Amino acid sequence: MTEKTALIFGYNDYTFEIVKNISLHYENIQIFKLDENEKIIQNSKYKISQFDLSDNWDDLRESVDIKRCVAFCILENMAENIFLTISLRDTFKDLTIVALAKDKESEEKLLLAGASRILPTIQTTANIIVEMLEKPIVSEVLHNILYEKSDLKIAQIRVDNSEFFNKEYPADIDWGEEYGVIVLSVLSEEMAMEFIYSSKAKHHQIKEGDIFVVVGYEQDIKNFENIIGGQI
């Protein structure tokens, strides 16, 4: 049987974060760069090919089994990323496409363009990916949330109602039992993003403007938003 293949279109800071996170799931990973002037990182174990937004994709169709592929559209120029998504979807009706979105507007456009899933460029999410790469079980869960069909979602939620927590600390709250979500990290004005059970997070009293990165089912996340604030 043909190995499931990951096709990564884009060569930037996100490329190798994605590669590391999916390498356990896809034996065959192919990277495509748009700008011929981009410097290729030495000693990369993956072949890096050139592509053009005007490509008709005949070579790709002949080299892989599209039905067993996942394409990652991660061009940082959103207009180009949307055009790429449209082109791939128009050519390959059965292709699973995961597209990089920088905001709600580009997310909506990418979904209309034919993206199957959206990968947000939220910096805290990117940091979480980097931090979690060495934890196989967590990496597996994160992979399923971001790249496969999963009912679980990741969201950033700002605290606009700190009085609700009555001066509690994040590590003292049973988030799953009380709210049906898992809080991964907290970001405040006084500190960088910290995992929820880090020493800084344990001693950080919840304040207005704090941002939680949470995992949960969509309805539970919405309920949590209604209690403490709104999604970023």
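Everything quoted here is computed from the prediction, not taken from an experiment.

Cut-offs and rules
Residues numbered from 1 in each chain as written. Predicted model: local features only at pLDDT ≥ 70, side-chain atom pairs only at ≥ 80, totals over all residues. Heavy atoms only, no water. Salt bridge = Lys/Arg side-chain N within 4 Å of Asp/Glu carboxyl O. Helix = DSSP H or I, 4+ residues; strand = E, 2+ residues; numbered from the N terminus. Buried < 20%, exposed > 50% of the residue type's maximum accessible area, 1.4 Å probe, protein only. Phe/Tyr/Trp six-rings, centres within 6.5 Å; stacked < 30°, edge-to-face > 60°. Patch = residues over 30% accessible without salt bridge, like charges linked within 9 Å, V, L, I, M, F, W, Y side chains within 5 Å. Areas by Shrake-Rupley, 256 points an atom, 1.4 Å probe, with all protein chains shown as cover. Lys, Arg positive; Asp, Glu negative; His and termini not counted. Charge placed at Lys NZ, Arg CZ, Asp CG, Glu CD. Pairing = 2+ DSSP bridges. Axes fitted to C-alpha atoms, helices over the stretch in contact; angles between N-to-C directions. Contact = heavy atoms within 4.5 Å.

Describe the pattern of salt bridges, and please don't skip the residues or the numbers.
Where charged atoms from two side chains of opposite charge come close, those side chains can pair. Scanning the entire structure with this criterion turns up four salt bridges. Put simply, E105 and K109 hold a salt bridge, and the shortest N to O gap is 3.1 Å. One end of the pair is E105 and the other is K109, both in helix 4 (residues 104-113) and four residues apart, which spans about a single turn. The partly exposed category is assigned to E105, whose relative accessible area is 49%. Since its relative accessible area comes to 41%, K109 is described here as partly exposed. Its salt-bridge partner being R158, residue D160 comes within 2.9 Å of it at the nearest N-O pair.

I'd like a rundown of the packing of aromatic side chains, residues and numbers included.
Per the stated rule, a full pass over the model turns up 13 aromatic pairs. Relative to W57, the ring of F9 lies with its centre 5.5 Å away and its plane at 80°, an arrangement referred to as edge-to-face. Pair noted here: F9 is in strand 1 (residues 5-9) and W57 is in the loop between strand 3 (48-50) and helix 2 (58-63), with a separation of 48 residues, a long-range link. Across the pair, exposure class does not vary: F9 and W57 are buried alike. Site record: aromatic cluster; members linked through ring pairs are F164, F165, W175, Y179, F212 and F224.

Can you break down a negative patch on the surface residue by residue, with the values?
On the surface, a cluster of negative charge is contributed by E168, D172, D174, E177 and E178. On the secondary structure map, D174 appears in the loop between strand 7 (152-159) and helix 7 (175-179). The partly exposed category is assigned to D174, whose relative accessible area is 44%.

Explain the sheet that holds strand 5 (residues 96-101) to me, using residue names and the numbers behind them.
Read across the sheet, six strands follow the order 3-2-1-4-5-6 without closing on themselves; strand pairing throughout is parallel. The open sheet has two edge strands, strand 3 and strand 6 (117-120), and neither has a second partner. Sheet twist, expressed as the mean angle between neighbouring strand axes with direction ignored, is 25°. Pairing geometry for strand 1 and strand 2 (residues 28-33), over five bridges, is parallel. In the sheet register, L7 faces strand 2, and the bridge partner there is Q30. Against the sheet, helix 3 (residues 78-91) engages strand 1, strand 4 (69-73) and strand 5, with an angle of about 170° to strand 5.

Which residues make up unusual backbone geometry, and what are the values?
Despite not being glycine, W57 shows a phi value in the positive range, around 70°. On the basis of relative accessible area, W57 is assigned to the buried category, the value being 5%.

Geometric values such as these leave the question of function open.
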